[in-house]
Structure formats: structure tokens, C-alpha cells
Amino acid sequence: MALPIQYKGQGFSLRGEKSRFVLPPSFRNDFADKGDERILCLGKHERWPCLKAFSQSAIAGFEDILDREEEAALRRDKDYDRELRGAQLLSYVEVPFDASGRFVMPDHLADLAGLGDEIFFQGGMPFFTIWAPDKLYSMGEAWENGKANCRTLAETAKKKAKAK
């Protein structure tokens, strides 16, 4: 049985030279461990004000996601639009990153998620998320841990940038 797709940890990046952000090492390692190319798949998250991100190997599990969601909707006697959900899952942009994790965020995706010069990466299953810190800070109590991690990582990143 294949292990579920998961992305562990958190990270923070300031926009750097050539307008690039840096994918955290733990996430780059997840891509390498899965045997994926250095391609970041990015799309707008369906419920939250952020982007979802994943490796190309995660795409193979989309049919299973659709099946589980459809079955859950039927059990609750709720409507489920499989075509719409499939379109949401497959509405992503492939963005290459280099061996150091540097990538350029497409402007239209940055606009959709309200991203500026700082981004926070939050691990998850089967996707990880990319947040503008202010959008994350506006989330409810369930996000307290992520907010605290973001604040701490932001402080560290800004101190490092100042020291350069």
C-alpha cells in the first residue's frame, strides 16, 4: 500500500533576488523522496485565502480524492459536483524550482492569494499551503499554531536578511 502524500513542516521566505522565493528544504526533500522533478504545482485553495501546492506525484491520487469526497457527500445526502471538483484539483500551474528551491511566483496566483514580499509555507496532506502572513493571521483559533510558527519564522528570516 502506498504511503499517503504528505508535506512535513513549515517555512518562510522573503522575496529575494530576481523576484524569487525559496521552497523550504523539508519540502524540497519531500519532492526528492517521491522521485519528483523540481516542479511545484500551484493553485488557489478552494476554501482558504491561500495557495495549495503539491508535487506532480500527488496528481495520481486525485481520482481517489474525488471518490472519497463523492462517497462522503452521498452518505450525508449532499450534492457533489465531481466535474467542478475535478476542475478545481486540476486547475494548477507548474512552476519550476532550482536545486536551492528558488522559484518565481506567477503574478496571477500571487494576486489570487494576496501574496506580497513574504510567504509562509504550511505542511499538510495531501497538499501544503502558501500564505500571505496577514491572511493567515486573519484565520480563526484553529490556526493558532500556524500563526505562531509564521511569526517566529518571519522574525528569523528578517533578522537574517538584515545581517546580510
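Being a predicted model, the structure only gives us computed values, none of them experimental.

Visitor: Hey, could you run me through the overall build of the chain in this one?
Guide: Of the regular secondary structure elements, the chain holds six helices and eight strands. Put simply, the chain runs from its N terminus to its C terminus through helices and strands in the order β-β-α-β-β-α-α-β-β-α-β-β-α-α. For 164 residues, the compact-globule formula gives about 15 Å, and the C-alpha radius of gyration of the chain, at 16 Å, lands near that figure. Expressed as lengths along the three principal axes of its C-alpha atoms, the size of the chain is roughly 55 × 35 × 30 Å. Looking at the 164 residues of the chain, the share that counts as buried comes to 40%. Considering only residue pairs separated by 6 or more positions, the chain has 61% of its internal contacts joining residues 24 or more positions apart. Here the chain has roughly 9,600 Å² of accessible surface; of this, 51% comes from carbon and sulfur atoms. Of the side-chain charges in the chain, 25 are positive and 26 negative, and the distance between the mean point of each set is 8 Å.

Visitor: Sorry, what's going on with the pattern of salt bridges here?
Guide: Opposite charge on two side chains lets them pair, provided their charged atoms get close. Enumeration according to the criterion identifies twelve salt bridges in this entry. In this structure, the salt-bridge partner of Arg 15 is Asp 117, at a minimum N-O distance of 2.8 Å. Here the residue Arg 15 occupies a position in the loop between strand 1 (7-14) and strand 2 (20-22), and Asp 117 occupies one in the loop between helix 4 (107-113) and strand 7 (118-124), the gap between them amounting to 102 residues. Taking the shortest distance from any N to any O, the salt bridge between Arg 85 and Glu 46 comes out at 3.2 Å. Of the two residues, Arg 85 is situated in helix 3 (residues 82-90) and Glu 46 in the loop between strand 3 (39-44) and strand 4 (51-54); the sequence distance between them amounts to 39 residues. Exposure remark for Arg 85: the relative accessible area of 11% places this residue in the buried category. Overall, the relative accessible area of 26% leaves Glu 46 in the partly exposed class. Taken together, the shared-partner salt bridges in this structure form one network comprising Glu 46, Lys 52, Glu 69 and Arg 85.

Visitor: When you look at helix 3 in this model, what are you seeing that I'm missing?
Guide: Arg 85, Gly 86 and Leu 89 are the residues of helix 3 that are buried. Buried residues in helix 3, looked at end-on, bunch into an arc of 100°, giving them a common side. The N-terminus of helix 3 is capped by Asp 81, whose side-chain oxygen sits 3.2 Å from the backbone nitrogen of Glu 83.

Thresholds applied
- Residues numbered from 1 in each chain as written.
- Predicted model: local features only at pLDDT ≥ 70, side-chain atom pairs only at ≥ 80, totals over all residues.
- Heavy atoms only, no water.
- Helix = DSSP H or I, 4+ residues; strand = E, 2+ residues; numbered from the N terminus.
- Rg over C-alpha atoms; globule rule 2.2 N^0.38 Å.
- Buried < 20%, exposed > 50% of the residue type's maximum accessible area, 1.4 Å probe, protein only.
- Contact = heavy atoms within 4.5 Å.
- Areas by Shrake-Rupley, 256 points an atom, 1.4 Å probe, with all protein chains shown as cover.
- Lys, Arg positive; Asp, Glu negative; His and termini not counted.
- Charge placed at Lys NZ, Arg CZ, Asp CG, Glu CD.
- Salt bridge = Lys/Arg side-chain N within 4 Å of Asp/Glu carboxyl O.
- Arc of directions from axis to C-beta.
- Polar contact = N/O pair within 3.5 Å; in protein donor to acceptor, adjacent residues only side chain to side chain.

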